[in-house]
Amino acid sequence: MIALAIALILLENIAKNITKPITRLAETSKKIKEGHVHDVELPEIEKGASKELISLITSFNAMAKELSEKEKVRSILNKMVSKEVASELLKKELHLGGELRETVVLFADIREFTKITEHMQPENVIEILNTCMTKITSIVEKNGGIIDKYVGDQAMALFGAPIFLEKPYFLAVKTAIEIQKSLGKWNRERASKKEIKIEVGIGINGGSVLAGNMGAEDRLNYTVLGAHVNLAARLCKYAGPGEVLISENVLHKDNLEELCSF
């Protein structure tokens, strides 16, 4: 009986030594599945562990570290491009080339930005630019569009690529109106503090454009090209402060009369 009791105690200790690290692995796996890749505490290899358990823990820790690195890359990518473009880039093999897509292009450019900021400190210039672009970006993304790029004091947004939208023309014009309203409110706040107005001109055009990855084999950029893009840029150039210029092509799409009372 004494020998049996001792054997049972030894077996219990052995079982604990085996199940304890496996239980920790299971708990850590659950945290990783829930998205806490950077917050998990990786299990350590305890003294006396079997070769099989050492191999399992080593492989698991290597996998967790690799997932953490990939999540960092995704996080950085999401800040460099929109989440929609990042997902599009990550879910398939990257290569140069594109496809024809029905896309609406919106350009928003700050008027007289160089003149307004020429005597400002660099940090103040960046603060104004970032605040303005943040307002524009949030409205674009709220309406289903994506920011293609920022070029100095200009933002370029796409509606319909790479993500399909039911009413890209309507959403682009709605976005432009909301941008002007948002900046109008911001300028009233700036005026109360005796700060100069920051106004934008907006141009919109749409049609069949070439959308895809452009650039070099080792440095790609998802963007759109074509005559419809060029026309949107020209409309933006001629739009005055607080104005939205749209092409005739946009005017007759997606029942824009719904926006007349917007």
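Residues numbered from 1 in each chain as written. Predicted model: local features only at pLDDT ≥ 70, side-chain atom pairs only at ≥ 80, totals over all residues. Heavy atoms only, no water.

By size, the foremost hydrophobic cluster in this structure holds 35 residues, and its most contacted members are Ile136, Phe159 and Ile204. Among the secondary structure elements, those contributing two or more residues to this core are strand E1 (97-110), helix H4 (113-117), helix H5 (122-142), strand E3 (154-159), helix H6 (168-192) and strand E4 (200-216). Looking at this core element by element, the count peaks at nine residues for H6. Ranked by size, the runner-up nonpolar core spans 13 residues in total, among them Met156, Leu158, Ala161 and Tyr222. (Core = buried A, V, L, I, M, F, W, Y, C linked by side-chain atoms within 4.5 Å. Buried < 20%, exposed > 50% of the residue type's maximum accessible area, 1.4 Å probe, protein only. Helix = DSSP H or I, 4+ residues; strand = E, 2+ residues; numbered from the N terminus.)

For the structure shown, the criterion picks out six salt bridges. We note a salt bridge from arginine 101 to glutamate 99, for which the minimum N-O separation is 3.1 Å. For arginine 101, a relative accessible area of 16% gives the class buried. The class of glutamate 99 is partly exposed, set by a relative accessible area of 40%. Of the charged contacts, one joins aspartate 148 and lysine 149 as a salt bridge, the two residues approaching to 2.4 Å between their closest N and O atoms. Accessibility expressed as a relative area gives 25% for lysine 149, which makes it partly exposed. (Salt bridge = Lys/Arg side-chain N within 4 Å of Asp/Glu carboxyl O.)

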